[in-house]
Amino acid sequence: MRLSLPLLLLLGAWAIPGGLGDRAPLTATAPQLDDEEMYSAHMPAHLRCDACRAVAYQMWQNLAKAETKLHTPNSGGRRELSESVYTDVLDRSCSRNWQDYGVREVDQVKRLTGPGLSKGPEPSISVMVTGGPWPTRLSRTCLHYLGEFGEDQIYEAHQQGQGALESLLCGGPQGACSEKVSATREEL
């Protein structure tokens, strides 16, 4: 009986100490979403901080990308967008395709995940639920912040750095990531 080389390697890995046979199997399950997470038109309260951070990240990325396309810096050496350009960039940020974002459960805690949201150690394996209501919710969250703060204030914060933009949108006493709001959520 002749065995192929890949099959021999696989069988050999099971027999070698420290090979695949000594490891516990990796398993992952999709997060169990409750009715609010599945059917509500709004972002669930416990995910609003993550959603705010995702919106701030996308706004900052899109504005920074638009600034790099400018050929002439202003008198201070910085590249500054005109009002019409940054207004257009921010509007497009909110209407973008948010399919890169979804929900996953790590240590029994559901978190929004996607670009700009990596925080802390990553699990070795996890399942992320994308699509469904998440892109619409993120777009609405983005539009909410545009309406609440306005393009001018958002662009001013962007010019101070990514942290300043995230602080404007998500910080403050009533912000989605404030300690007070987080403590209230835990009490519920």
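Scroll up to find the structure.
All values reported here derive from a predicted model rather than from experimental measurement.

Counting its secondary structure elements, the protein chain contains seven helices and three strands. Starting at the N terminus, the α and β elements of the protein chain follow one another as α-α-α-α-β-β-β-α-α-α. Per-residue burial over the protein chain gives 34% buried out of 188 residues. Sequence-distant contacts in the protein chain: of pairs separated by 6 or more residues, those separated by 24 or more amount to 68%. Just so you have it, the protein chain exposes about 11700 Å², and 53% of that area is on carbon and sulfur atoms.

By size, the foremost hydrophobic cluster in this structure holds 36 residues, and its most contacted members are Met59, Leu112, Leu138, Ile154 and Leu169. Residue assignment for this core shows that the elements contributing at least two residues are α3 (48–68), α4 (83–95), α5 (134–160) and α6 (162–170).

All right, on to the pairing of strand β1 (residues 102–106) then. Where β1 meets strand β2 (residues 109–113), five bridges bridge the pair, whose relative direction is antiparallel. When the bridges of β2 are listed, Arg104 appears paired with Arg111. From the end of β1 to the start of β2, which pair antiparallel, there are two residues, and Asp107 there has a positive phi angle of about 55 degrees.

Before going further, it helps to examine the state of the cysteines. Think of a disulfide as a covalent bridge from one cysteine sulfur atom to another cysteine sulfur atom. For the coordinates displayed, the defined rule picks out three disulfides. Each disulfide pairs two cysteine sulfurs, and for Cys49 the partner residue is Cys177, the sulfurs being separated by 2.0 Å. Negative torsions about the S-S bond denote left-handed disulfides, and the value of about 105 degrees found for Cys49 with Cys177 makes this one right-handed. Here Cys49 is found in helix α3, whereas its partner Cys177 is found in the loop between α6 and α7 (179–187), with 128 residues between them in sequence. Across the disulfide from Cys52 sits Cys170; the S-S distance is 2.0 Å. With the S-S dihedral at roughly -100 degrees, the linkage between Cys52 and Cys170 falls on the left-handed side. Residue Cys52 is found in helix α3, and its partner Cys170 is found in helix α6; the two are separated by 118 residues along the sequence.

The next point concerns α5. The end-to-end C-alpha separation of α5 is 29 Å, well short of the 39 Å expected for 27 residues at 1.5 Å each. Along its length, α5 reaches its greatest deviation from straightness, about 90 degrees, at Gly150. Among the residues trailing α5, Gly161 stands out with phi positive, at a value near 125 degrees.

Next up on the list: the environment of Arg92. As for its position among the elements, Arg92 is in helix α4. Expressed as a C-alpha distance, the spacing of Arg92 and Met59, which sit 33 residues apart in the sequence, is 9.1 Å.

The next subject is the environment of Thr68. Note on placement: Thr68 falls in helix α3. Since its relative accessible area comes to 59%, Thr68 is described here as exposed. Each C-alpha atom, one on Thr68 and one on Glu80, is 9.5 Å from the other, the two residues being twelve residues apart in sequence. Of the polar contacts made by the side chain of Thr68, one reaches the backbone oxygen of Lys65; its length is 2.7 Å.

Cut-offs and rules
- Residues numbered from 1 in each chain as written.
- Predicted model: local features only at pLDDT ≥ 70, side-chain atom pairs only at ≥ 80, totals over all residues.
- Heavy atoms only, no water.
- Helix = DSSP H or I, 4+ residues; strand = E, 2+ residues; numbered from the N terminus.
- Buried < 20%, exposed > 50% of the residue type's maximum accessible area, 1.4 Å probe, protein only.
- Contact = heavy atoms within 4.5 Å.
- Areas by Shrake-Rupley, 256 points an atom, 1.4 Å probe, with all protein chains shown as cover.
- Core = buried A, V, L, I, M, F, W, Y, C linked by side-chain atoms within 4.5 Å.
- Pairing = 2+ DSSP bridges.
- Disulfide = S-S within 2.5 Å.
- Expected span 1.5 Å × (residues − 1).
- Bend = angle between axes of the 7 residues up to and from the residue.
- Polar contact = N/O pair within 3.5 Å; in protein donor to acceptor, adjacent residues only side chain to side chain.

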